[in-house]
Amino acid sequence: MNILVLNCGSSSLKFQLIDSATEAVLAKGICERIGIDGVLTYTPQGGDKEETKKSMPTHTEAIRFVLEALTDEKTGVIRSLSEVGAVGHRVVHGGESFTESVLIDAKVKRAIEDCSELAPLHNPANLIGINACEELMPGTPMAAVFDTAFHQTMPPKAYLYGLPYRYYEDYKLRRYGFHGTSHSYVSKRAAQILEKPYDELKIIVCHLGNGASLSAVKNGECVDTSMGLTPLQGLIMGTRSGDIDPSAVEFIADKENTDIAGVMKILNKESGVYGMSKGLSSDFRDLWKGAEAGDVYAKEAIETFCYNVAKYIGAYAAAMNGVDAVVFTAGVGENDYRVREQVCGYLGYLETKIDVEANKARGEETVISTPDSKVTLLVVPTNEELAIARETLRLVK
Ligand code: AMP
């Protein structure tokens, strides 16, 4: 069965058409600048990437262009939409309503809408994507795969904040965590690579991309994660601040003469390694180039990022009373051996030994610790689209 995986952001839409039998990606691409002007980038399997400017006032037009591209006579990969057996939607926030992926019906859509106040930029876009598919491909089964679902196994001591309890009761203000599809996929792959039962392992997953989060997975269940009510909490990221003293919000508002919305924009878009490097870049490749050329801000940004990751690893090793494996994934985690080396440099107390040569691997599943290391260190490339396709297939079957 061909499964269309859709990831609708506020002004973008990523897609992949996956053949579930072979797990091959038949075509993939992205619509960007939705609501502004519109650009469709489309790559069929074995073909060339093509970029087309198209007017996309809403996600509905964007999805229509994607479906046209997939069925195009020359560059399409299917003859008609009847060859799409199901659609898997990435949905950012499932609140406490969803502990796993579900088939979409009217009740599920209402629940996704109810969670919109927890993810005001993402959930409405996800819903628009769902409605557009219903309109354009009526009758095709659709699944919602939530970013938050994997973390719903966290105990109250991990998800409660030190705030008046009624905020949790009345407003559902708590830690939720994100990147759940990635944490789930990567931790399960790690267990397979280690050839040990998933439910007998203590695994720390370091999802280090432009957005970054850690999770502690004990006996097959997430017991803690670094992102919170929103993806702003936790590690220093590309442009997000991660953890700061909450008083800094008022302090910045006073000093910069701005309001809460202004401060939130600063914390989400102008902070992280981008802000720390004085705007050099949020991309670690640029930061390393800068650091090599003597840019002290870039060097400090990288060092602070790595130190933060190492501190969270320490916290999660304590939370689980030990750790069997530390796994690196996502753009930085998969590709940046120097970041991994720096992070692992803090883990000597766990009797962890990195294999410096094996660690040079890029973007492939690799054990990067020595055989005598007490904790296995691994690189496992994440594949959220494939995980969504598998979940969708499981539900449709
Ligand atoms: P993601 O959000 O998982 O797509 O990760 C994107 C980030 O990965 C980029 O902003 C870069 O910081 C980082 N990245 C991608 N490729 C490399 C690379 N070869 N070396 C270092 N960092 C990389």
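Right, let's walk through the structure included here. (Residues numbered from 1 in each chain as written. Predicted model: local features only at pLDDT ≥ 70, side-chain atom pairs only at ≥ 80, totals over all residues. Heavy atoms only, no water.)

Here we take up the pattern of salt bridges. Should their charged atoms come close, side chains of opposite charge can pair. What the rule picks out here adds up to 19 salt bridges. Of the charged contacts in the structure, one is a salt bridge between arginine 175 and aspartate 224, with a shortest N-O distance of 3.9 Å. Of this pair, arginine 175 sits in the loop between helix H5 (165-171) and helix H6 (180-194) while aspartate 224 sits in strand S11 (residues 221-225); the two residues are 49 residues apart in sequence, bridging distant segments of the chain. The residues arginine 175 and aspartate 224 share a single accessibility class, namely buried. Linking arginine 394 and glutamate 391 is a salt bridge whose minimum nitrogen-to-oxygen distance equals 3.1 Å. On the criterion of helical spacing, the pair formed by arginine 394 and glutamate 391 is a turn pair, its members being 3 residues apart in helix H14 (residues 384-396). Taking the relative accessible area as the measure of exposure, arginine 394 reaches 45% and is therefore partly exposed. The exposure class assigned to glutamate 391 is partly exposed, which follows from its relative accessible area of 23%. Connected through shared salt-bridge partners, Glu96, Lys172 and Arg174 make up one network. (Salt bridge = Lys/Arg side-chain N within 4 Å of Asp/Glu carboxyl O. Helix = DSSP H or I, 4+ residues; strand = E, 2+ residues; numbered from the N terminus. Buried < 20%, exposed > 50% of the residue type's maximum accessible area, 1.4 Å probe, protein only.)

Another aspect to go through is the pairing of strand S14 (residues 376-379). Judged by which residues are buried, S14 turns out to be covered on both faces: Thr376 and Leu378 on one side and Leu377 and Val379 on the other are all buried. Pairing analysis gives 4 bridges linking strand S12 (residues 325-329) to S14, with the strands arranged parallel. Counterpart to alanine 325 in the pairing with S14 is threonine 376. For strand S13 (residues 366-367) and S14, the ladder comprises 2 bridges, and the chain directions are antiparallel. (Pairing = 2+ DSSP bridges.)

This part takes up the site of the ligand. Around the ligand sit Gly209, Asn210, Ser282, Asp283, Phe284, Arg285, Ala330, Gly331, Val332, Asn335, Asp336 and Arg362, and those are all the residues in its vicinity. In this structure, an oxygen atom belonging to the ligand sits 2.9 Å away from a main-chain N or O atom of glycine 331. Between the ligand and valine 332, the relevant distance is 3.4 Å, taken from an oxygen atom to a main-chain nitrogen or oxygen of the residue. Alone, the ligand offers 500 Å² of accessible surface; in the complex the protein occludes 72% of this. Secondary-structure elements contributing two or more residues to the shell around the ligand are helix H10 (284-292) and helix H12 (330-335). A total of 4 residues in the shell around the ligand trace back to one element, the largest contributor, which is H12. (Near = heavy atom within 4 Å. Polar contact = N/O pair within 3.5 Å; in protein donor to acceptor, adjacent residues only side chain to side chain. Areas by Shrake-Rupley, 256 points an atom, 1.4 Å probe, with all protein chains shown as cover.)

So, about the nonpolar core. Counting 42 residues, the largest nonpolar core has Leu208 and Leu214 as the members making the most contacts within it. Ranked by residue count, the leading element in this core is helix H11 (residues 296-319), at 10 residues. The contact partners of leucine 208, leaving out residues within four places of it in the chain, are Leu214, Leu235, Phe305, Val309, Phe328, Thr329, Ala330, Gly331, Val332, Gly333 and Val339. If you look at the next biggest cluster of nonpolar residues, it comprises 39 residues, including Leu26, Ile112, Cys133 and Phe146. (Core = buried A, V, L, I, M, F, W, Y, C linked by side-chain atoms within 4.5 Å. Contact = heavy atoms within 4.5 Å.)

This part takes up H10. Along H10, the residues that are buried comprise Phe284, Leu287, Trp288, Gly290 and Ala291. When H10 is viewed along its axis, its buried side chains cluster within an angular range of 160° and face the same direction. More than 90 degrees from the buried face of H10, the exposed residues found are Arg285, Lys289 and Glu292. Close packing links the buried residues of H10 with helix H9 (272-276), H11, H12 and helix H13 (337-344). Trailing H10 by a residue or two, glycine 294 shows a phi angle of about 100°, which is positive. (Arc of directions from axis to C-beta.)

Attention shifts here to the packing of aromatic side chains. In this structure the tally under the stated criterion is 8 aromatic pairs. For the pair tyrosine 165 and tyrosine 168, a centre-to-centre distance of 5.7 Å together with 80° between the ring planes defines the contact as edge-to-face. Separated by 3 residues within a single helix, tyrosine 165 and tyrosine 168 lie in helix H5, roughly one turn from each other. Tyrosine 168 sits in the buried class, given a relative accessible area of 12%. When the ring of tyrosine 307 is compared with that of tyrosine 346, the centres are 5.7 Å apart and the planes differ by 55°; the resulting orientation is tilted. Linking tyrosine 307 in helix H11 with tyrosine 346 in the loop between H13 and S13, this pair joins segments that are 39 residues apart in sequence. Judged by relative accessible area, which is 40%, tyrosine 307 ranks as partly exposed. Three or more aromatic residues link up through ring pairs in this structure, and these residues are Tyr159, Tyr165 and Tyr168. Cation over ring: lysine 172 sits above tyrosine 168, and NZ or CZ is 5.3 Å from the ring centre. Over the face of the ring belonging to tyrosine 159 we find arginine 174, whose NZ or CZ atom lies 3.6 Å from the ring centre. (Phe/Tyr/Trp six-rings, centres within 6.5 Å; stacked < 30°, edge-to-face > 60°. Lys NZ or Arg CZ within 6 Å of the ring centre and 35° of its normal.)

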